[in-house]
Amino acid sequence: QVQLVESGGGLVQAGGSARLSCAASGRTASSYGMGWFRQAPGKERELVAAISWSGGYIYYADSVKGRFTISRDNAKNTVYLQMNSLKPEDTAVYYCALEPNRRTLTASYWGQGTQVTVSS
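Residues numbered from 1 in each chain as written. Predicted model: local features only at pLDDT ≥ 70, side-chain atom pairs only at ≥ 80, totals over all residues. Heavy atoms only, no water.

1. As for the pairing of strand 11 (residues 114-119)
Of the two faces of strand 11, the one holding T114, V116 and V118 is buried and the one holding Q115, T117 and S119 is not buried anywhere. The sheet contact formed by strand 2 (residues 10-13) and strand 11 spans four bridges and is parallel. Bridge pairing in strand 11 places L11 opposite T117. (Buried < 20%, exposed > 50% of the residue type's maximum accessible area, 1.4 Å probe, protein only. Helix = DSSP H or I, 4+ residues; strand = E, 2+ residues; numbered from the N terminus. Pairing = 2+ DSSP bridges.)

2. Things to note about the packing of aromatic side chains
Across all of its chains, the model carries two aromatic pairs by this definition. Here the aromatic rings of F37 and W110 are separated by 4.8 Å at their centres, their planes lie at 45°, and the arrangement is tilted. Of this pair, F37 sits in strand 4 (residues 34-39) while W110 sits in strand 10 (residues 109-110), and the two are 73 residues apart along the sequence. On the accessibility criterion, F37 (0% relative accessible area) is buried. Ring geometry for Y95 versus W110: centroids 6.3 Å apart, planes at 90°, classification edge-to-face. Remark: W110 occurs in strand 10 and Y95 occurs in strand 9 (residues 92-98); sequence separation between them is 15 residues. Every member of this aromatic cluster is reached through a ring pair, and the members are F37, Y95 and W110. (Phe/Tyr/Trp six-rings, centres within 6.5 Å; stacked < 30°, edge-to-face > 60°.)

Structure representation (structure tokens):
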């Protein structure tokens, strides 16, 4: 079993920044790919970013390229999402995920989600 606990987010002004953290416990999450999904009301779930266990492979959705940065600290079993130049359309619930699947938009484990609201 794996538990994923997100922190960060909240209310941010457009153009501002926020940092999400996801701490993993249980099975050694450092051996697995991790990622962040988001879902806004009435919209499809979107894989925002993903990172391989080594950090050698990173994926970003086109909607966040150049603005978001995913990273991980395997010693702390933690993955981060640094979000800069935030836009109102980034408003969503953000979910940390273990072993995200870009094609099926599923994952082996999910966090509880954290709300990010960007005000214009």
